[in-house]
Every structure is written in structure tokens, then in C-alpha cells.
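Read off the chains here:
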Amino acid sequence: MIRHHPDQNLLLEYASGSLARGPSLVIAAHVQLCAACRRQYHALNSLGGSILKQSPTQPLQAGAFEQVMGRIDQVPGRIAGRRETPPPPAPDATLADIPPVLGRLLAQNVPLRWKKITRSLQICRLRTGQKHYEVAFHRLCSGGEMVEHDHRGSELAVVLHGSFSDHFGVYNRGDFILRQPGQVHRPIATQDQACVCFSAVSAPVAVTGISGWLLNPLIPFRPG
Ligand SMILES: [Zn+2]
């Protein structure tokens, strides 16, 4: 059961299209897994549609329709009227049942490059065509612990497989996590299976304590 959701403001930003691409991908993944947020998202979309209908109309410039249709043709996927390419088979079991929005992202990033950060943690950075957020899969092995760390920027994440706990609670598949600067935590995966999260971070994390002196210079931050 999903217990942790984005707040109304984040959902509204996502529904209105004003959220940056990195956080949008995280919210989209959560909305595809969470029936409650999906209902809210559709309600916000209907509200936006009815406000637009009530807005005064402006006459279009000559050629505006053709320009818009030309732009739509450049957008990959269903909007352009093309058949979507199904994502390739998941490269490992922990990514076998991910939301469709991440399936498409995964297809654009194969072969996946997992990087071992510590004995327990692997990270696979993903290319998303933007420059402000590092977007990645994080995989903690069963029972694995991350080092305690702070956040220099915001981190949005959704659990895709398994579960973990930290200072703030227990998070299962579909749960949404938002961490802000100053929120120190130390995620620990449950003993029964590995935990995989999908995340977007706006700045590198900062390992706290004495290990930070050693590890922080080695933690790269690669938005993309
Ligand atoms: Zn939700």
C-alpha cells in the first residue's frame, strides 16, 4: 500500500506542465503507480481544461495551426500519432515492473551503466535531455545501508522495487519521497530483497561526519 504522496502543490505544478523535467519524471512514475494521485491529477487536468474554455479567445496569426502541427510531429510517442516502441526486456529483475514512463526512459538509456558507489549501493545515471537534475536509479542490496547524508538541494524519489526505511519512515513500492537541504537521513533496505529507487536531485548529496571528508570530493554530480 502506498502511504507517501507528493503534496497538492507539486501535483498542480506537474499537471500544469510547469515542473522541471527531472522532478516531472519522478511525479509521473508515482502517478502511474498511485491510483489516488492519478485521480487528483485527472481532476486538476479537467479543472485546467474548464478554465481554458472560459478564457476569452484571441484570433490566431496566419500559419499558426501549421506551425503547431509541425512541432507536434517532432514529439516522439503517442502524441505524434506514431506507434510507441515497446521498451526492451528489463535488464534485471529489480526493473522488471517499472511504470511505462520509466520503461521508455530505460529504452533510451540501454545498455544501463551501473556504478558501484559503496559495498551496498549502485547508481545508474540516466540521460534525460536537461541540465539541472541528476536523474538515476539507485539500488541498495538487501539489508544494505547508505552512509548518513545531508542534501544540498532537493531530492525527489519514488520506490520501484523492495522497500527501505530511514529517519523519517518506511517506504515501499510506489511511495514518493521528497528531501530538502538540511534533512539528514540514512536509508536502509529491508533484509528480504534489494531496493531500487528512481530519483532526481538538484545538487550533490553531502555525506555527514568524518567519512564526508573522504567521500564528498569523490561523489560526482552529473545532471543530464
Ligand atoms: Zn500518490
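The structure under discussion appears in the preceding block.
None of these values were measured; they are calculated from a predicted model.

Some words on the overall build of the protein chain
Helices and strands together make up the secondary structure of the protein chain, namely six helices and 11 strands. When burial is assessed residue by residue, the protein chain has 41% of its 224 residues classed as buried. For the protein chain, contacts bridging at least 24 residues in sequence account for 63% of all contacts bridging at least 6. Per element, the accessible surface of the protein chain, about 13100 Å² overall, is 56% carbon and sulfur.

Points about the coordination of the zinc ion
Protein-derived coordination of the zinc ion comes from H5 (ND1), H30 (NE2), C34 (SG) and C37 (SG), at a distance range of 2.0 to 2.4 Å. For the zinc ion, the four donor atoms are set out with angles of 97 to 117° between them, so the coordination reads as tetrahedral. In the primary sequence, the donor residues of the zinc ion line up as H-x24-H-x3-C-x2-C. Separated by 32 residues along the polypeptide, H5 in the segment before α1 (8-16) and C37 in helix α3 (residues 35-54) bring together distant segments of the chain.

Things to note about the packing of aromatic side chains
Aromatic rings considered in pairs are described by the distance between their centres and by the relative angle of their planes. For the structure shown, the criterion picks out four aromatic pairs. Considering the side-chain rings of Y14 and Y41, the 5.2 Å spacing of their centres and the 35° angle between planes classify their relative orientation as tilted. Remark: Y41 occurs in helix α3 and Y14 occurs in helix α1; sequence separation between them is 27 residues. Across the pair, Y41 and Y14 agree in class, each one buried. Seen in terms of ring centroids, F137 and F198 are 5.7 Å apart; in terms of plane orientation they differ by 55°. Their pairing is tilted. On the criterion of sequence distance, the pair formed by F137 in strand β3 (residues 134-140) and F198 in strand β10 (residues 195-201) is long-range, its members being 61 residues apart. You'll find F137 and F198 in the same group, each marked buried. Each member of the aromatic cluster is reached from another via a ring pair, and the members are W114, F137 and F198. Lying across the ring of W114, R139 places its NZ or CZ 3.9 Å from the centre.

Overview of the pattern of salt bridges
The tally for this structure, following the rule as stated, stands at four salt bridges. Its salt-bridge partner being R186, residue E145 comes within 2.8 Å of it at the nearest N-O pair. You can see E145 sitting in the loop between β3 and β4 (149-151) and its partner R186 sitting in the loop between β8 (176-179) and β9 (188-189), a full 41 residues away along the chain. Taking relative accessible area as the criterion, E145 reaches 35% and is therefore assigned partly exposed.

So, the packing of α1 against helix α2 (residues 21-33)
Where α1 contacts α2, the two axes come as close as 10 Å, and the packing angle between them is 105°. As far as their axial angle goes, α2 and α1 are roughly perpendicular. The residues of α2 that touch α1, namely those facing L10, L11 and Y14, are S24, I27, A28 and V31. A class-by-class count of the residues in the contact of α1 with α2 yields six nonpolar, one polar and no charged.

Some remarks on the environment of R113
Here R113 shows up in the loop between α5 (100-109) and β1 (115-116). Look at R113 and you get exposed, because its relative accessible area is 63%. Between the alpha carbons of R113 and I123 there is a distance of 8.3 Å; along the sequence they are 10 residues apart. When residues no more than four places from it in sequence are discounted, the contact partners of R113 are I123, C124, R125 and R127.

Remarks on unusual backbone geometry
Cis geometry marks the peptide bond from V110 to P111; its omega dihedral reads -5°. Examined against the element boundaries, P111 turns out to sit in the loop between α5 and β1.

Re the nonpolar core
Membership of the largest hydrophobic core comes to 35 residues, with the highest contact counts inside it found for I27, L102, L126, F137, L160 and F198. For this core, the elements supplying multiple residues, two or more each, are α1, α2, α3, α5, β3, β5 (155-161) and β10. The leading source of residues in this core is α2, at six residues. Contacts of L102, omitting those with residues within four sequence positions, involve L25, A29, F137, L160 and F198. Counting residues in hydrophobic clusters, the runner-up holds 13 residues, among them L121, I123, A157 and V159.

Parameters at a glance
Residues numbered from 1 in each chain as written. Predicted model: local features only at pLDDT ≥ 70, side-chain atom pairs only at ≥ 80, totals over all residues. Heavy atoms only, no water. Helix = DSSP H or I, 4+ residues; strand = E, 2+ residues; numbered from the N terminus. Buried < 20%, exposed > 50% of the residue type's maximum accessible area, 1.4 Å probe, protein only. Contact = heavy atoms within 4.5 Å. Areas by Shrake-Rupley, 256 points an atom, 1.4 Å probe, with all protein chains shown as cover. Donors = N, O, S within 2.8 Å, 3.2 Å for Na, K, Ca; no water. Tetrahedral: all angles 85-135°; square planar, octahedral: opposite > 155°, others 65-115°. Phe/Tyr/Trp six-rings, centres within 6.5 Å; stacked < 30°, edge-to-face > 60°. Lys NZ or Arg CZ within 6 Å of the ring centre and 35° of its normal. Salt bridge = Lys/Arg side-chain N within 4 Å of Asp/Glu carboxyl O. Axes fitted to C-alpha atoms, helices over the stretch in contact; angles between N-to-C directions. Parallel < 35°, antiparallel > 145°, perpendicular 65-115°, else oblique. Nonpolar A, V, L, I, M, F, W, Y, C, P; charged D, E, K, R; others polar. Core = buried A, V, L, I, M, F, W, Y, C linked by side-chain atoms within 4.5 Å.

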